[in-house]
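A closer look at the structure
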Amino acid sequence: MFEAKDILKQVELKPKMTIADLGAGSGFFTIPLAKEVGKDGLIYAVDLIAESLELVEEKAKNEKLFNIKTLVCDLEKEKIKIKDEICDLVLLVNVLYLIEKKEPVIKEVNRILKPKSQAIFIEWEPEKIVFKTEIYPVSKNDLQKIIEKNNFKKIKEFSPSQFHYGLIYEKI
């Protein structure tokens, strides 16, 4: 589908960054991010499924990465246990199509991001999604409207795969 390193090339990653990977799953992005930000950086791996985060912890231990904090959170129903304006970057990859009410999640992204910091959104193109049950796909235009009305400006669009669209926004 796509490679984590190709997606992460879309933004400038630096040592000591604090990054939230929302919908981290088993760590597809979390582990490479932890390596990039180094021992003085911090990655929040946030997911609804505790078992997925246990896999992240196991991978981190095997790779001797001690800069990952896992958080179980239902993005649709609760506030993320991350302080206001401490993240240098937030990633949401294949997350919003699973969430019916997207705007509260975007507001949370805004809350945890530092001013002038970026968020990466990657979502399924609605017409190319391969499964159709219990999902809420969102078109690129509709998602852009939600993001932009919540204090973000678009930096760029990119195409991570033939099935997805990618957006990078900066908090104003």
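Cut-offs used in this document
Residues numbered from 1 in each chain as written. Predicted model: local features only at pLDDT ≥ 70, side-chain atom pairs only at ≥ 80, totals over all residues. Heavy atoms only, no water. Phe/Tyr/Trp six-rings, centres within 6.5 Å; stacked < 30°, edge-to-face > 60°. Helix = DSSP H or I, 4+ residues; strand = E, 2+ residues; numbered from the N terminus. Expected span 1.5 Å × (residues − 1). Buried < 20%, exposed > 50% of the residue type's maximum accessible area, 1.4 Å probe, protein only. Arc of directions from axis to C-beta. Contact = heavy atoms within 4.5 Å. Pairing = 2+ DSSP bridges. Axes fitted to C-alpha atoms, helices over the stretch in contact; angles between N-to-C directions.

**Comments concerning the packing of aromatic side chains**
Going through the model one piece at a time under the given rule, you end up with 6 aromatic pairs. An aromatic cluster is built from Phe2, Phe28 and Phe29, whose rings are joined through pairwise contacts.

**Some remarks on helix H3 (residues 50-62)**
In this model H3 runs 19 Å from its N-terminal to its C-terminal C-alpha over 13 residues, within 8% of the 18 Å that 1.5 Å per residue would give. Of the residues making up H3, those classed as buried are Ser52, Leu53, Val56 and Ala60. Projected onto a plane normal to the axis of H3, the buried residues spread over an arc of 95 degrees and lie on a single side. Among the exposed residues of H3, those pointing more than 90 degrees away from its buried face are Glu51, Lys61 and Asn62. Turning to H3, the residues buried within the fold contact helix H2 (30-37), strand S2 (42-47) and strand S3 (68-72). Backbone geometry just downstream of H3 places lysine 64 in the positive-phi region, at approximately 55 degrees.

**Overview of the sheet that holds strand S4 (residues 87-93)**
Strand order in the open sheet formed by 7 strands is S3-S2-S1-S4-S5-S7-S6, with mixed pairing between adjacent strands. The open sheet has two free edges, formed respectively by S3 and strand S6 (152-161), since each of these has just one partner strand. On average, adjacent strands in this sheet sit at an angle of 15 degrees to one another, irrespective of strand direction. Sheet analysis places S6 next to strand S7 (residues 164-171), joined by 7 bridges and oriented antiparallel. From the neighbouring strand, phenylalanine 158 faces S7, where its bridge partner is glycine 166.

**Re the environment of isoleucine 129**
Residue placement: isoleucine 129 occurs in the loop between strand S5 (113-124) and helix H5 (140-148). Judged by relative accessible area, isoleucine 129 falls into the buried class, the value being 6%. As for isoleucine 129 and phenylalanine 163, which are separated by 34 residues in sequence, their C-alpha atoms are 7.0 Å apart. Setting aside chain neighbours within four positions, we find isoleucine 129 in contact with Tyr97, Trp124, Ile135 and Pro137.

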